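# Observations on the model geometry
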Amino acid sequence: DDQIERERASQHLPGGCCALAAVYLMGKFYVANAGDSRAIIIRNGEIIPMSREFTPETERQRLQFLALLRPELLGKEFTHLEFPRRIQPKELGRKMLYRDQNMNGWAYKKIEEDDLKFPLIFGEGKKARMMATIGVTRGLGDHDLKVFSSNIHIKPFLSCFPEVRVYDLTQYEHCPDDVLVLGTDGLWDVTNDKEVAAVVMEVLTSYEPNDPCRYTMVAQELVVRSRGVLKERGWRLANDKLGSGDDISVFVIPLGGPGNYT
């Protein structure tokens, strides 16, 4: 993150990205995630999550707590409180459900003037946005990112620190069909964990266990199925739902060699 900031200043290179990394060291996989990419291990048909997405919804309490501590970051345009919907001026003085940085559930409060400001986090699922601008809350860069038509910087709310999960390879016997799958959000937006596991097993069983290209073919198949087929109404999946419109990158890494196959 510091390197990107230096390049921004010296080479005028704006922008940012999410990051997902897997490091193999002394019998263990260390998977670090900052953003909304995802990693899973598929072992003997079982799905083991190795990361979680960092979005305005999953990091709501961290974001709200920072906004409470430093209200100047909101630029007098946003409120750190969350409401089920946008509040109208005519609702001043009425009671409405809300939640703050300490709450998992909801409670009632009387609507005040400050509550009419745009909420720090608005929307649900993939449409959730922080400060009506960005849908991911960890990553690298984006030092220049501002709220549209304002001078409010978003970077203070974006964390470059990843969550790291560890998987000990020495605790299990792995066969060549056991894999670690790393994918950007373009894959996971339209394909869930079970569907990915099904594609992995389908493709791997069509190749010999000692064929090294089988893992590349799995990755390729996951990309192709998530993009879909170009039709008159855009890219469509096999079930005719919209294909992914985002970039799709996939790695499929074997956890066991041919010698372990039984």
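Residues numbered from 1 in each chain as written. Predicted model: local features only at pLDDT ≥ 70, side-chain atom pairs only at ≥ 80, totals over all residues. Heavy atoms only, no water.

Within the UniProt annotation, "domain: PPM-type phosphatase" (unreviewed entry) is assigned to residues 1-255. Taken end to end, residues 1-255 has its terminal C-alpha atoms 30 Å apart, with 20% of it in helix and 26% in strand. (UniProt positions renumbered as here; feature names shortened; annotations may be inferred. Helix = DSSP H or I, 4+ residues; strand = E, 2+ residues; numbered from the N terminus.)

Of the voids in this model, the largest pocket is the one considered here, and its volume is about 540 Å³. Taken together, the elements giving at least two residues each to the lining of the largest pocket come down to β2 (19-25), β14 (179-183), α3 (185-188) and β17 (250-254). Of the residues belonging to the lining of the largest pocket, the class tally is nine nonpolar, seven polar and nine charged. (1 Å grid on protein atoms, 1.4 Å probe; cavity = no way out; pocket = protein on both sides within 12 Å on 5 of 7 lines; lining within 4 Å. Points joined across faces, edges and corners; volume = space filled by probe spheres on them. Nonpolar A, V, L, I, M, F, W, Y, C, P; charged D, E, K, R; others polar.)

Here we have three strands laid out as an open sheet, ordered β2-β3-β13, and antiparallel in their pairing. A strand with exactly one partner marks an edge of an open sheet, and here the two such strands are β2 and β13 (163-168). Here the strands of the sheet are splayed against their neighbours by 15° on average, with no regard to which way each runs. In this sheet, β13 lies alongside strand β3 (residues 28-34) in antiparallel orientation, the contact comprising six bridges. In the strand pairing of β13, N33 is matched with E163. (Pairing = 2+ DSSP bridges. Axes fitted to C-alpha atoms, helices over the stretch in contact; angles between N-to-C directions.)

On to the sheet that holds strand β5 (residues 46-49), then. In any sheet, the strands associate via hydrogen bonds between backbone groups, in a parallel or an antiparallel arrangement. Here four strands make up an open sheet; going across it, the order is β5-β4-β14-β17 and the pairing antiparallel. Looking along the sheet, the strands with just one partner apiece sit at the ends: β5 and β17. Strand-to-strand twist across the sheet, computed as the mean angle between neighbouring axes with direction ignored, equals 20°. In terms of strand pairing, strand β4 (residues 38-43) meets β14 through five bridges, oriented antiparallel. Of the residues in β14, the one forming a bridge with A39 is L182. Most of the contacts of helix α4 (residues 193-204) go to β4, to which it runs at about 50°, and overall it touches β4, β5 and β14. (Contact = heavy atoms within 4.5 Å.)

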